[in-house]
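Analysis of the macromolecular model
This is what each chain is made of:
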Amino acid sequence: MRWRAVILAAFLLWPHVLFAADFTNLLQNKAPQALVSDKDATVFFLKTFGASLELPKGLLQRRRDHSPLPNGLTQHLSPLVANLATWHLTNDLLAALDQGNASTIRSVLDRRQQQLKWLTPSQPDLPALMALAGTIAQLQRPDPTTQPLSPHDSVFTLWLHEHYPNWTGTPDSWLTLAQTEGTAGVKKRLRDSWDRLTTQDGRQEKPLQEDPAPSIHRFLRHFFLPITTAHVRATLLQLHVGNERRAWKHWQAIRQWSHDRKNEQGLQRLCGTWQWLIHNHQNHGDHKTVMVYPPPSQYHRMDPQPATIQVQGDTVYIRWEFPRGIVQEESLLLSEKDQLLSGSFVNNLGPNGNITGRRIKPCREIGG
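As a starting point, this report considers the structure included with it. (Residues numbered from 1 in each chain as written. Predicted model: local features only at pLDDT ≥ 70, side-chain atom pairs only at ≥ 80, totals over all residues. Heavy atoms only, no water.)

In this model helix α10 (residues 213-270) runs 80 Å from its N-terminal to its C-terminal C-alpha over 58 residues, within 8% of the 86 Å that 1.5 Å per residue would give. The largest bend in α10 comes to about 40°, at Leu-220. Two residues or fewer after α10 comes Gly-272, characterised by a positive phi angle close to 140°. (Helix = DSSP H or I, 4+ residues; strand = E, 2+ residues; numbered from the N terminus. Expected span 1.5 Å × (residues − 1). Bend = angle between axes of the 7 residues up to and from the residue.)

Now the structure itself:
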């Protein structure tokens, strides 16, 4: 009976394989760059995934009639799209930083600036990261300086390290300065620091007379930009992975909701009273019984109650677990406009055979 186990495993696992494949396609091909609100997220989601989830037409036309969405969908919809949007934003910024092209970085930031207000409540680290990325883009130069090293370069760099040793974690750290005051704040600190340097001529100290631009540029190129870029890249990677993980959880929840909804619709097709004829291949005996399947909301009142019952398309899978460890599995097909069930059963005691069922009464509430 190994082939039955393979078919059963495929029946149970195939939806989850499809979920993973759909999620990969979701990440790679769906880039909600222009979304700026939960309303936009809803429209994007319904337009992009409504058909694959087999949502009712009324929901797919929600942009016109504003019909409410099911609770099982609404709690995951906007978070999924926000995580997806942030995943693409961090992906684009990482690619731009890898290129080291200031115009590419600015282009990414400009395209996503309006989206930032919507994403910030769920992504509080984004504004600071985008501010740092903007500072990096503004301070980058296309080519390194070709001027010879000044004897004051090392003195200037040492002075900066001594007076501003912290890159993160303090109010006067370099990254805090870049986040709060941007490029202007960084340049002002560097120029003020140069002005505070002096040379000693005998016993008299005099301000440096040289042009500070080459020394400032070397500090930016060899210290500020590499360290700031490494910090931004590391934080972006953490956000990137975190948003993919959270998006996957919301996507699983939505697909499970869709799967459960389809199964519930299938169970509704099964609802009713059935006359079953069970033929046992081992002893060639026939057994008649009446099976009553209630509406899905009433399944908890069945006695005995199936351990598992799933309907996918016209395929019905039922698993029963009885006392003394007896387990029976039934694989059936609905046909003749849901008036006929036919298939086979197998249990762990060995007997197996055919099942034929005909609906003899329509669906009704238990106790009704």
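There's plenty left to go through after this.
We now examine the packing of helix α8 (residues 153-163) against helix α9 (residues 174-196). For the pair α8 and α9, interaxial distance at closest approach is 11 Å and the crossing angle is 130°. Considering their axes alone, α8 and α9 lie oblique with respect to each other. Here α8 and α9 pass one another in a crossing that is right-handed. Along its contact with α8, which presents Phe-156, Trp-159, Leu-160 and His-163, the element α9 presents Trp-174, Leu-190, Ser-193, Trp-194 and Arg-196. Of the residues that constitute the contact of α8 with α9, the class distribution is six nonpolar, two polar and one charged. (Axes fitted to C-alpha atoms, helices over the stretch in contact; angles between N-to-C directions. Parallel < 35°, antiparallel > 145°, perpendicular 65-115°, else oblique. Left-handed = near helix turned anticlockwise from the far one by under 90°. Contact = heavy atoms within 4.5 Å. Nonpolar A, V, L, I, M, F, W, Y, C, P; charged D, E, K, R; others polar.)

Summed over the entire model, instances satisfying the criterion amount to 11 salt bridges. Because the salt bridges share partners, they merge into one network encompassing Asp-92, Arg-111 and Arg-112. (Salt bridge = Lys/Arg side-chain N within 4 Å of Asp/Glu carboxyl O.)

For strand β7 (residues 326-335), the tally of buried residues reaches seven of 10 residues, placing the bulk of the element in the interior. Relative to β7, strand β6 (residues 315-322) runs antiparallel, the two being bridged by eight bridges. Bridging from a neighbouring strand, Arg-319 pairs with Glu-329 of β7. Counting the residues between successive antiparallel strands, the hairpin from β7 to strand β8 (residues 340-347) contains four residues, one of them, Glu-336, with a positive phi of roughly 50°. (Buried < 20%, exposed > 50% of the residue type's maximum accessible area, 1.4 Å probe, protein only. Pairing = 2+ DSSP bridges.)

Attention now moves to the sheet that holds strand β3 (residues 272-280). Ordered by their spatial adjacency, seven strands build an open sheet running β4-β3-β9-β8-β7-β6-β5, and the pairing between neighbours is antiparallel. Among the strands making up the open sheet, the edge pair consists of β4 (285-293) and β5 (308-312). Shown here is a sheet whose adjacent strand axes are inclined to one another by a mean of 20°, direction ignored. Pairing analysis gives seven bridges linking β8 to strand β9 (residues 352-361), with the strands arranged antiparallel. Bridge pairing links Leu-340 to Arg-358 in β9. Most of the contacts of α10 go to β5, to which it runs at about 95°, and overall it touches β3, β4, β5, β6, β7, β8 and β9.

With 12 residues, helix α2 (residues 38-49) should cover 16 Å at 1.5 Å per step; its first-to-last C-alpha distance of 16 Å lies within 8% of that length. When α2 is considered as a whole, its buried residues turn out to be Ala-41, Thr-42, Phe-44, Phe-45, Leu-46 and Phe-49.

The final tally for this structure, using the stated rule, is one disulfide. A sulfur-sulfur distance of 1.9 Å marks the disulfide that ties Cys-271 to Cys-363. Classification of the bridge connecting Cys-271 and Cys-363 rests on its S-S torsion, roughly 70°, and on that basis the disulfide is right-handed. Of the two residues, Cys-271 is situated in the loop between α10 and β3 and Cys-363 in the segment after β9; the sequence distance between them amounts to 92 residues. Assessed through its relative accessible area of 32%, Cys-363 is described here as partly exposed. (Disulfide = S-S within 2.5 Å.)

Each pair of aromatic rings is reported with the distance of its centres and the angle of its planes. By the definition in use, this model includes 11 aromatic pairs. Measuring from centroid to centroid gives 6.5 Å for Trp-167 and Phe-219, while their planes differ by 15°, and the two rings are stacked. Of this pair, Trp-167 sits in the loop between α8 and α9 while Phe-219 sits in helix α10, and the two are 52 residues apart along the sequence. Like Phe-219, Trp-167 is buried. Residues Trp-276 and Tyr-293 carry aromatic rings whose centres are separated by 6.4 Å and whose planes lie at 40° to one another, so their mutual orientation is tilted. Of the two residues, Trp-276 sits in strand β3 while Tyr-293 sits in strand β4, which places them 17 residues apart along the sequence. Tyr-293 sits in the buried class, given a relative accessible area of 1%. Ring pairs connect the aromatic residues Trp-159, Tyr-164, Trp-167, Trp-174, Phe-219, Phe-223 and Phe-224, which therefore count as one cluster. (Phe/Tyr/Trp six-rings, centres within 6.5 Å; stacked < 30°, edge-to-face > 60°.)

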